[in-house]
Amino acid sequence: MIKRFVLLVLVTLVGLGLYTGWRMMSFEAPGQISAAPDDTPFDTGEIAALLSEAIRFPTISRADGQIDHAVFDAFNGWFDDTFPLLAGLETKWFDHGRLLFLHGTDPDLDPVLLMGHFDVVPVVPGTESEWRHPPFAGEIAEGFVWGRGALDMKGPTVGLAYALERLMEQGFVPQRTLIIALHPDEEVGGPNGAVAMGQWLKGQGIAPILAVDEGGVVSRGLVPGVDRDVAMIGVGEKGYLSLEIVARGEGGHSSMPPPDTAVTRLSDAVTRLKLTPFAGGVDGPVRTMYETIAPELPAYQRYLIANLWLYEPVMAAAMSGVPAANASLRTTIAPTMLEGSPKENVLPITAVATVNFRIHPRDSVESVMAHVSRAVAADDITVRLAPGHPSEPAPYSDTDGAVWRAVSHTVASIFPEALVTPSLVLGATDSRHYKGVAQNIYRFSPFVLTAQMRPGIHGTNERIRVDDLDELVRFYTHLIGQVQGAGAFD
């Protein structure tokens, strides 16, 4: 009996090995998107000079909502002087931001919404000297335009405006109305910009068939094991939530501490939360992305991807050790702020930890709150919403129909050497405020990002290559051409 069982196990293992090996050998990645390269020339020197000027306006958004209105007004004045044809379009103002309408000749066609923001995050105090070029000087040096906003997102916004202005100079009149959203406060959640604009469009019954915002990039050297560029088009976006975990204890003098204080109870609660991660999985656009890049990966990784039906837990476990990969699998937990006693020799009555969650589309604000409440449950521990505005994860946009093809073929035309794939955006963009307004939302920043450049986004030495600036303009120019006509999305 034992021999028969052992024989059965061996036969099963051999059969499984042969089957999974056959699946790897016969695995076909999703059909790679290809399109005729678009190499329309643009003057990168002129674009670089304009971006340099834009960076010199420190349009900083701050967490407390305080801004320098004179600087934002000055930037808008510069924008109008630089792009006079755009400035002359029908305009709807929202604080320092605006919607511009380039009306099409066919009012029956659903419009297209193109977005950009021109506010930036502050430079961390005390790090100014670490910049190789001053953060708001807009210097052009070493083949780059340097400064806060070069990547996020004055570079793409200037590229969009430049593309539209040049088209209009050439007499371009669209068949399909183009709506251009210039957001002034994306870095603080967009209350006066994208939130208000989205609500206004919805109230007017305007439902763009396509909306394009920042998000995925052309990744160069950022995907381990892949030598080719990977153009990641964000078809979904994680949600955003911050919660406060509050622990209560006895106050008093620190010279006579009880066995447990509010701080130790809070520490235990945060530890319990850390040890209770959210479930993960290789699914949706993340799965499609790995299937797309599989042919470029080493054999053992191709084997796992070809047999995700069997090895998904193994692959997920391996990915969980890499922060970016782990974030694509699940809702993440990030304790970010702590608050306790106002003085070192006073026991606090309450201690508070602020924890930020980026919500995977399989979860929701409600399910995250329930998960946290279960994980930290104990006497004298409560969970409450932190100040701010939580947002649900964005639903996935189509990755098979005509609207997806218009965007993905544009990306393939501008970056013909790159693998083009849908992806999940891990951060938050203004596009989330157009859920229920735009029919399809795609998030893509049309520039190449390297490991050397990535720390500059919200960090030090932010910069963009001068030679890449024409790709920004070509992307928007090509996309605008793609979406024209009644048959554009057939």
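Residues numbered from 1 in each chain as written. Predicted model: local features only at pLDDT ≥ 70, side-chain atom pairs only at ≥ 80, totals over all residues. Heavy atoms only, no water.

## Considerations on helix H6 (residues 194–203)
So, point 1. Looking only at H6, the buried set comprises Ala194, Met197, Gly198 and Leu201. Burial along H6 is one-sided: seen end-on, the buried residues are contained in an arc of 100 degrees. For H6, the exposed residues lying more than 90 degrees away from the buried face are Gln199 and Gly203.
So, point 2. Among the structural elements, strand E1 (90–94), strand E2 (97–102) and strand E6 (178–183) are those in contact with the buried residues of H6.
So, point 3. Trailing H6 by a residue or two, Gly205 shows a phi angle of about 70 degrees, which is positive. (Buried < 20%, exposed > 50% of the residue type's maximum accessible area, 1.4 Å probe, protein only. Helix = DSSP H or I, 4+ residues; strand = E, 2+ residues; numbered from the N terminus. Arc of directions from axis to C-beta. Contact = heavy atoms within 4.5 Å.)

## Here's the deal with the pattern of salt bridges
So, point 1. Under the defined criterion, the tally for this structure stands at 15 salt bridges.
So, point 2. For the salt bridge of Glu244 with Arg384, the shortest nitrogen-to-oxygen distance reads 2.6 Å. Taken together, the residues span a long stretch of sequence, with Glu244 in strand E9 (residues 239–248) and Arg384 in strand E14 (residues 381–385) at a distance of 140 residues.
So, point 3. Taking the shortest distance from any N to any O, the salt bridge between Asp470 and Arg474 comes out at 3.6 Å. Residue Asp470 and its partner Arg474 are located together in helix H14 (residues 469–482), separated by four residues, close to a single helical turn.
So, point 4. Accessibility expressed as a relative area gives 15% for Asp470, which makes it buried.
So, point 5. Taking the relative accessible area as the measure of exposure, Arg474 reaches 7% and is therefore buried. (Salt bridge = Lys/Arg side-chain N within 4 Å of Asp/Glu carboxyl O.)

## Here's the deal with the packing of helix H5 (residues 154–169) against H14
So, point 1. Between H5 and H14, the shortest axis-to-axis distance is 8 Å and the interhelical angle comes to 50 degrees. With respect to H14, the element H5 is oriented oblique. Crossing angle aside, the handedness with which H5 passes H14 is right-handed. Contacts between H5 and H14 involve Gly155, Pro156, Gly159, Leu160, Tyr162, Ala163, Leu164 and Leu167 on the former and, on the latter, Leu472, Val473, Tyr476, Thr477 and Ile480. (Axes fitted to C-alpha atoms, helices over the stretch in contact; angles between N-to-C directions. Parallel < 35°, antiparallel > 145°, perpendicular 65-115°, else oblique. Left-handed = near helix turned anticlockwise from the far one by under 90°.)

By themselves these figures say nothing about function.
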